[in-house]
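Chain by chain, the residues:
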Amino acid sequence: MKNNEVDQKELDSMVEYCINHGANYFDTAYMYVDEKSELAIGKALKKYNRKDFLLADKSPIYKMKTKEDVRRIFDEQLKKCQVDYFDFYMCHNINKNTFETYRNVEMADELKNLKKKEKSNILVFFSWDS
């Protein structure tokens, strides 16, 4: 990565090496690399069978104001990653500043609905930052 840009060729090479050597878990987030990480990992993983890797993403709670934002942003993340579902979708950075937002946007209920629609094998992880 140079100047907050993803070196796609290098990332492609790293993903290929990982998959060829048995690694199958990839983690990204909306906010990583100035919001370019999801696009880059999507391009890198596109040539592999979706069943051959696990993909984790994270909620950008700072972008969510309504429960409709949860679904809209989640769908945007799927599109950027070029996948139909996430294996893991994490709610993280829950703290005294973000807790009310998670509650107000009904994050837990929205993620349950997405899981029912097979958009994710959602395993919701919560971490608490003080």
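As a starting point, this report considers the structure included with it. Since the model is a prediction, treat every value here as computed from it, not as a measurement. (Residues numbered from 1 in each chain as written. Predicted model: local features only at pLDDT ≥ 70, side-chain atom pairs only at ≥ 80, totals over all residues. Heavy atoms only, no water.)

## Focus on the packing of helix α2 (residues 37-45) against helix α3 (residues 67-81)
The angle between the axes and the distance between the axes are what describe a pair of packed helices. Put simply, the rule reads: Comment: axis = line fitted to C-alpha atoms, over the contacting stretch for helices; angle = value between 0 and 180 degrees taken between N-to-C directions. Strands here mean DSSP runs of E at least two residues long; helices mean DSSP runs of H or I at least four residues long; both are numbered from the N terminus. Should an angle fall under 35 degrees it is called roughly parallel, over 145 degrees roughly antiparallel, and 65 to 115 degrees roughly perpendicular, with every other angle called oblique. In this analysis, two residues are considered to be in contact whenever any of their non-hydrogen atoms come within 4.5 Å of each other. Residues are sorted three ways: Asp, Glu, Lys and Arg are charged, Ala, Val, Leu, Ile, Met, Phe, Trp, Tyr, Cys and Pro are nonpolar, and all the rest, Gly among them, are polar.
Between α2 and α3, the least distance of the axes is 7 Å, while the angle of their chain directions is 45°. Taken together, the axes of α2 and α3 are oblique relative to one another. Residue-level contacts link E38, L39, I41 and G42 of α2 to Q77, K80 and C81 of α3. Of the residues contributing to the contact of α2 with α3, the split by class is three nonpolar, two polar and two charged.

## Examining the nonpolar core
The following threshold applies: Among buried residues, the Ala, Val, Leu, Ile, Met, Phe, Trp, Tyr and Cys ones that are joined through side-chain atoms within 4.5 Å form a nonpolar core. Burial status follows relative accessibility: with a 1.4 Å probe on protein chains alone, a residue under 20% of its type maximum counts as buried, one over 50% as exposed, and anything between as partly exposed.
Within the largest apolar cluster, 28 residues are counted, with the highest numbers of intra-cluster contacts made by V15, L45, L55, M64, F86 and M107. Mapped by element, the contributors of at least two residues to this core are α1 (8-20), α2, α3 and α5 (107-116). Ranked by residue count, the leading element in this core is α3, at five residues. Those residues in contact with M64, other than ones at most four positions away along the chain, are S59, D69, V70, I73, Y89, T101, V105 and M107.

## What to know about the pairing of strand β2 (residues 54-58)
Consecutive side chains along a regular strand alternate between the two faces of the sheet. Inclusion rule: Strand pairing follows a simple DSSP-based rule, namely that at least 2 bridges must link the two strands. Crossovers are described as right-handed under a simple rule: with the strands pointing away from the observer, the path leading from the first strand over the helix to the second runs clockwise.
In terms of residue burial, β2 counts as a mostly covered element, since four of its five residues are buried. Here strand β1 (residues 25-27) runs beside β2; their pairing, made up of three bridges, is parallel. By the bridge assignment, D27 is partnered in β2 with A56. After leaving β1, the chain enters α2 and then returns to the sheet as β2, a path that is right-handed. Pairing between β2 and strand β3 (residues 88-90): three bridges, direction parallel. Bridge pairing links K58 to M90 in β3. As for the winding sense of the linkage, the β-α-β connection from β2 through α3 to β3 is right-handed.

So, to be careful, I would describe these as geometric facts and stop short of saying anything about function.
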